[in-house]
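# Summary of the model geometry
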Amino acid sequence: MELRHLRYFVVVAQELNLTRAAEKLFIAQPPLTRQIKQLEEELEVQLFIRKPRGLELTPGGQYFLQQAEGILDKLNTSIEGTRQVAQHRKRLFSIGFVPSVFYGQMPLIVRRLRRNKNLEVVLHDLKAREQVKALKSGKIDIGFGRIEIEDPDVQQEVLFNEPLVAALPAGHPLIRQQPTMQQLAEVPCVTFPAGSGPNFSDMTLGLFHRRGLKVQVIQQVNDLQTALSLVASDMGFALVPEQVKKLRREGVEFVTVADENITTPVIVSRRRGESPNAVMRLVNTILAELVENRLSGRYP
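What counts as what
- Residue indices begin from 1 for each chain and proceed along its sequence in written order.
- Side-chain atom pairs in this predicted model are given and counted only at pLDDT of 80 or more, local residue features only at pLDDT of at least 70, and totals for whole chains, interfaces and linings cover all residues.
- With hydrogens and water stripped out, all remaining heavy atoms of the structure feed into the side-chain values.
- Only protein atoms enter the 1 Å grid used here. Points where a 1.4 Å probe fits but cannot escape make up a cavity, open sets with protein on both sides within 12 Å along at least five of seven lines make up a pocket, and a residue lines them when an atom lies within 4 Å of a point.
- Grid points are joined across faces, edges and corners, and a volume is the space filled by probe spheres set on the points.
- Helix and strand definitions here come from DSSP, where helices need a minimum of 4 consecutive H or I residues and strands a minimum of 2 consecutive E residues; each element is numbered from the N-terminal end.
- Charged means Asp, Glu, Lys or Arg here, nonpolar means Ala, Val, Leu, Ile, Met, Phe, Trp, Tyr, Cys or Pro, and polar covers whatever is left, Gly included.

Looking now at the layout of surface pockets. A probe as big as a water molecule, rolled over the atoms, marks out the empty space that is left. Its volume calculated, the largest pocket comes out at about 480 Å³. Taken together, 23 residues form the lining of the largest pocket, with Val98, Lys127, Ala128, Pro193 and Asn199 sitting closest to its centre. By residue number, the principal contributor to the lining of the largest pocket is helix H6 (residues 128-137), which donates three residues. Class assignment of the residues belonging to the lining of the largest pocket gives a composition of eleven nonpolar, six polar and six charged. Gln66, Gln67, Gly70, Lys133 and Lys136 are the residues nearest the centre of the second largest pocket, which is lined by 13 residues in total. Counting residues per element, the ones that place at least two in the lining of the second largest pocket are helix H4 (59-88) and H6. For the lining of the second largest pocket, a count of residues per class yields three nonpolar, four polar and six charged.

Under the defined criterion, the tally for this structure stands at two cavities of 30 Å³ or more. Space inside the largest cavity adds up to approximately 60 Å³. In this structure, the largest cavity is lined by Cys189, Val190, Thr191, Phe192, Phe200, Ser201, Thr204, Leu205, Phe208, Phe237, Ala238 and Leu239. Looking at the lining of the largest cavity, the elements that each hand over two or more residues are strand S7 (189-191), helix H8 (200-209) and strand S9 (238-241). The dominant element in the lining of the largest cavity, judged by the number of residues it contributes, is H8, at five residues. Its residues assigned to classes, the lining of the largest cavity shows nine nonpolar, three polar and no charged. The space that makes up the second largest cavity amounts to roughly 40 Å³. Around the second largest cavity, the lining residues are Ala128, Gln131, Val132, Gly145, Ile147, Gln156, Ile267 and Ser269. Ranked by the residues each element gives to the lining of the second largest cavity, the list is headed by H6, at three residues.

What follows is the structure in structure tokens.
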């Protein structure tokens, strides 16, 4: 089995159509068909079910797709890292993050790490599931998010629970008080991100549902900035982490919610069982300081 077999298989599995896959790979369809057949023969497993309108992955094919994508991700990460080290003669340290954690103290971690002239810090904007995948492939060394994902290869730790605040249009009647969740439920809601869970949208909506409250979701968007733009346009409100108040977005007012325990965790993810190297030990020291600052009310 060669790497080209894995690459061909992944593209075919993504397209589920040999003609489109061949066009994407810039090869003719008959050679591609032969390569997939050779792969199935070597594995002694049928990877695809051939149907009149295309292909369908078998259970074995679905499993092999996950493994093949992981292998190729790890290879691409190794190639990229090798090139950067060769160019800069620096050690790479890659951080995955969701944008909402970057409005607080996380930039301080990056600044502290960048003081080391022999260290190249690389940032990746990744959702929770993407961070788990990136940790396992070696694309990132540590991840910061808000959603707990069960995976035997990844260890997660809640650093602290951060209050959520209501982002409301400027001039909205509720900004003159601390609104309750029941009052907010009567206002159209903008949530983020869009797409299947688990994600931050599921978490915030769950806070209403657990209180027996129904929410009118008027719009789901992919990112925080778009959500705040819709709030500023008087489309509705959004629940956002407290750190987001530092944005001071025109047309948006951030208001504390009256109910208790309206919070979201800040979670750090690492590879399970991996002994920390010198860089990770430094990161852990910086993290301990920043968490202490947060819990004690000091914000550097």
